[in-house]
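Descriptive structure summary
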Amino acid sequence: MLKSSVKPFHYNLTFKPNAKTFEFDGKAEIDLKVLKETDTITLHALKLQITDVFLRFPDESELYTKEKSFDEANETVTFLFPSTIDAGSEVKLIIDFIGELSDNLKGFYRSKYFVGDEERYSFVTQLAPCDGRRCFPSIDEPAAKATFDITLIVEKHLTALSNMPVTTEFEDNNGLKVLKFDRTPVMSTYLVALVVGEYDFVEKRSADGVLCRVYTPLGKKEHGNFALETAVRVLPYYKEYFGIAYPLKKLDLIAIADFALGAMENFGLITFTEIRILVDPANTSLSIKQSVASIVAHEISHQWFGNLVTMEWWTHLWLNEGFATFMQFLCTDALFPEYEMWPQFVSGMYVAALQLDSLKNSHPIEVPVKNSSEIDEIFDAISYNKGASIIRMLHNFIGDADFRKGMNLYLTRHAYGNAETKDLWQALSECSNDKPVTRIMTNWVDKIGFPLVWVEKNEQKDGKRVLTLKQERFLADGSQTEDDTIWMIPLKVATAGNESALSCLFDQKSIEITIDNVEKDDWIKINPGTVTFCRTQYIRRRCWKLLRSTK
C-alpha cells in the first residue's frame, strides 16, 4: 500500500482519445489534503508520459515541480517541489499527461470491431484491480475514495459514456464534441469508467425510476432487450432486499468487443464481453439467457456490495465477489424461478469450490495481499465459489429476515466508505439476536480446506436414532492430515419422516446427537439441501481406514 503524504478527495479529469495515434491526452486536477509537511507528492502512475506538473494554492498562487521520478517496480511517480507544503493545507495538483491506447485490455485501451469488412476501434477502460494508474495519476487503492468530474473530448459521431449522465455538451473550436459528466459519488479509482465508440442502445426505466440502457454493436440493439428487461427487474429487487435505493441516476450496460473479463461492475456503467450480455431473440438458447440474467444480477449487486461499500484492501476481495456470486443466485432464482438456480449452484459453484479446496495447496478465502502483483492470484474459485458457499451457509443459519436486516445495517453503516470482513460479521451478528457469527465464520474464512463430517456410530434406541459425528479436514487424495482445525459447522439432519429433524452447531471434534421419532429402517441424511460447506461420510471408521490403506 502506498504511504503518501497526501490524500486526494476530488479528481477533475479530462480525456481526449486520438484514433490515429492510439494515444490520449489527459489532464488531472486533483484536490489534495496534505497529511504532513512535505516537499514531495507520490502517486500511482504507469505507462503515462507526464508533460507538466504544478500546484495551485487557494490564493491562486502556483508552485511548479522541481523534479519528477518514476518507480516502475512500484508503479509510482514522485514529484519534488522547491519548497515544503504545510500539513493540513488543501491544494490542487494539476498534471498534464499522455497515455497509450494499447491493445492489452488494461487501463484506457482500444477494442477492435468490424462494420462489414471495415476495421474500427472503440476506446474502453478496465481499471480493476490496479490499472487506474494506467489511465490517470492517482492513489489507486480501494480505500482512497474520492469524487470525480469527468470530461471526454471526442469526434462528433461517436458515443461517449462515463459513470454519470452528461450535464453539458458542446462543440469546441476544432469541431470535436465535448461532454461533461455529472459528479460521481465518493468511490474508488478502479470503478471509474470511460467508453468511446459507435453503439446502438435500447432503454427503459425501472419501476423505481432509474433510466437503464443497454448499448450494443451497431445494428444489434434488439440483442440488448433481454439484458435490459432483466436489469429493470433486478434494480427494484435489490432496492427492496437491501432496503437501500440504487444510488445513481442512471445505469448503463454495454457490450465490448475486446474485453478481458466476463464483466466489470463500474459504478453506473457496467461493461460486458459481448457473449455475456447479448441475446439473439431468434436463436439464443435458454442456457445462454439464463447465463446473461445471472451475470447481470451479479454485476448489479456490486453497485451496493463493492461500489457503495468497498473492501478496505484486496485482502478482502472475497467480500465483493463471494457475496455478489451468492446474490446472483438469490436474485435470479427470485426473478426466474423456472431456471431452478439453487440445484445448479450445488452442481456448479459448490462442487467446484470443494474440488479446489480439497487440495493440499489450496488457500484460505482471505489471504494477505502485499502489492498489486499478487492480486490476480486470488481471483479464483476460492474467492468466488467458496465465498458464495459459506455466505449461503450463513444465510441459511441466521435466516433470510435477519440476513436482510444485517445487510441493511452493514451497507448503511459503511455507505460510501470501506469495510473489512469483521464489519460484515458484526452487522449480521447484531441483527440475528447476537448469534456467534464471528466465531462461526472465522475458521471458514481464515483456514484452508473444509471438514469431512462422518458418522462413526449409528444406533437405534427406543424409537430414537443416536449418532456419533466426527469432523476432520477432507483431502482429495485420502491422505492423513495433521491439520487440527475445528470448524463451527451449522448442521442439519433430515429423516424419512421429518425434513427438519435436527439442527445443531457442530463445534467439537466429536459430538453425539439424538433424533426422536425415527424408525429402525428409516433413512437419515446429514446436510440436506447441501447447504453446509462440507462432505459427509456414512461408513464406520474402520472401513474408512481400510479404504485409505488401499490407496
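Because the structure is predicted, anything quoted here is derived from the model rather than measured. (Residues numbered from 1 in each chain as written. Predicted model: local features only at pLDDT ≥ 70, side-chain atom pairs only at ≥ 80, totals over all residues. Heavy atoms only, no water.)

1. Digging into the overall build of the protein
A tally of helices and strands in the protein yields nine helices and 29 strands. Relative to the compact-globule value of 24 Å for 551 residues, the protein shows a C-alpha radius of gyration of 27 Å, a close match. For the protein, the residues scored as buried account for 55% of the 551 residues in total. Taking as baseline every contact in the protein between residues at least 6 positions apart, the subset at least 24 positions apart corresponds to 69%. Computed over 62 positive and 77 negative side-chain charges, the separation of the two mean positions in the protein equals 5 Å. (Helix = DSSP H or I, 4+ residues; strand = E, 2+ residues; numbered from the N terminus. Rg over C-alpha atoms; globule rule 2.2 N^0.38 Å. Buried < 20%, exposed > 50% of the residue type's maximum accessible area, 1.4 Å probe, protein only. Contact = heavy atoms within 4.5 Å. Lys, Arg positive; Asp, Glu negative; His and termini not counted. Charge placed at Lys NZ, Arg CZ, Asp CG, Glu CD.)

2. Considering the side chain of serine 206
Relative to the assigned elements, serine 206 resides in the loop between strand S16 (200-205) and strand S17 (211-216). Leave out the neighbours within four places in its chain, and serine 206 touches Val232, Leu235 and Pro236.

3. What to know about the sheet that holds strand S23 (residues 451-461)
Here we have four strands laid out as an open sheet, ordered S27-S24-S23-S29, and mixed in their pairing. Strand pairing shows two members of the sheet lacking a second neighbour, strand S27 (510-515) and strand S29 (535-537), which therefore form its edges. Averaged over all neighbouring strand pairs, the angle between strand axes comes to 25 degrees, with direction disregarded. Relative to S27, strand S24 (residues 464-473) runs antiparallel, the two sharing six bridges. By the bridge assignment, leucine 469 is partnered in S27 with isoleucine 511. (Pairing = 2+ DSSP bridges. Axes fitted to C-alpha atoms, helices over the stretch in contact; angles between N-to-C directions.)

4. Regarding the side chain of histidine 298
Topologically, histidine 298 is positioned in helix H2 (residues 286-301). What makes histidine 298 buried here is its relative accessible area of 5%. Among the polar contacts listed, one links the side chain of histidine 298 to the side chain of histidine 302, at a separation of 3.3 Å. Discounting residues that sit within four places of it in the chain, histidine 298 has contacts with Glu321, Ala324, Thr325, Gln328 and Tyr384. (Polar contact = N/O pair within 3.5 Å; in protein donor to acceptor, adjacent residues only side chain to side chain.)

5. Quick notes on the pattern of salt bridges
Under the counting rule described, the total for this entry stands at 27 salt bridges. The shortest N-O distance in the salt bridge between arginine 133 and glutamate 75 comes to 2.8 Å. Pair noted here: arginine 133 is in the loop between strand S10 (118-126) and strand S11 (147-154) and glutamate 75 is in the loop between strand S6 (67-71) and strand S7 (76-85), with a separation of 58 residues, a long-range link. This pair shows no difference in class: arginine 133 is buried, exactly as glutamate 75 is. Lysine 461 is the salt-bridge partner of glutamate 459, the closest N and O atoms lying 4.0 Å from each other. The class of lysine 461 is partly exposed, set by a relative accessible area of 47%. (Salt bridge = Lys/Arg side-chain N within 4 Å of Asp/Glu carboxyl O.)

6. Section: the packing of aromatic side chains
Applying the stated criterion to the full structure yields 35 aromatic pairs. With 5.0 Å between their ring centres and 10 degrees between their planes, phenylalanine 336 and tyrosine 339 make a pair best called stacked. Each of the two residues, phenylalanine 336 as well as tyrosine 339, counts as buried. Directly above the aromatic system of phenylalanine 397 lies the positively charged group of lysine 435, at a separation of 5.2 Å from the ring centroid. (Phe/Tyr/Trp six-rings, centres within 6.5 Å; stacked < 30°, edge-to-face > 60°. Lys NZ or Arg CZ within 6 Å of the ring centre and 35° of its normal.)

7. What about the pairing of S24?
Here is the key point about a regular strand: its side chains alternate between the two faces of the sheet. With eight of its ten residues buried, S24 lies for the most part within the structure. Direction of pairing for S23 relative to S24: antiparallel, over a ladder of ten bridges. What sits directly across from glutamate 459, in S24, is valine 466.

8. Structural notes on the environment of tryptophan 304
Position of tryptophan 304 relative to the elements: it lies in the loop between H2 and strand S21 (309-311). Given a relative accessible area of 0%, tryptophan 304 falls into the buried group. With 57 residues separating them along the chain, tryptophan 304 and proline 247 place their C-alpha atoms 8.3 Å apart. Not counting chain neighbours up to four residues away, the residues in contact with tryptophan 304 comprise Leu235, Tyr238, Lys239, Phe242, Ile244, Ala245, Tyr246, Val309 and Leu411.

9. Side note on H2
Note that an α-helix has 3.6 residues per turn; residues three or four places apart therefore point the same way. In this model H2 runs 23 Å from its N-terminal to its C-terminal C-alpha over 16 residues, within 8% of the 22 Å that 1.5 Å per residue would give. For H2, the complete set of buried residues consists of Gln290, Val292, Ala293, Ser294, Ile295, Val296, Ala297, His298, Glu299, Ile300 and Ser301. (Expected span 1.5 Å × (residues − 1).)

10. Looking at the sheet that holds strand S25 (residues 489-495)
Sheet architecture is open: three strands sit in the order S26-S25-S28, paired in antiparallel fashion. Pairing within the sheet leaves two strands with one partner each, and these edge strands are strand S26 (498-506) and strand S28 (524-526). Between one strand axis and the next, the sheet turns through 20 degrees on average, direction left out of account. Bridging between S25 and S26 involves six bridges; their strand directions are antiparallel. Following the sheet pairing, proline 490 is matched in S26 by leucine 505.

11. A short note on helix H8 (residues 437-446)
Considered for burial, the residues of H8 that qualify are Val437, Ile440, Met441, Trp444 and Val445. The buried side chains of H8 occupy one side of the element, clustering within an arc of 115 degrees when seen end-on. Looking at the buried positions of H8, the neighbouring elements they touch are helix H3 (317-335), helix H5 (382-398), helix H7 (421-430), S23, S25 and S26. (Arc of directions from axis to C-beta.)

12. Focus on the pairing of strand S14 (residues 177-181)
For S14, the buried fraction is high: four of the five residues fall into the buried class. For S11 and S14, the ladder comprises four bridges, and the chain directions are antiparallel. Bridge assignment links leucine 152 to a residue of S14, and that residue is leucine 179. Two elements, strand S13 (residues 166-171) and S14, share five bridges in a ladder whose sense is antiparallel. Directly across from threonine 168, in S14, lies its bridge partner lysine 180. The hairpin formed by S13 and S14 contains five residues between the paired strands, and glycine 175 there has a positive phi angle of roughly 80 degrees.

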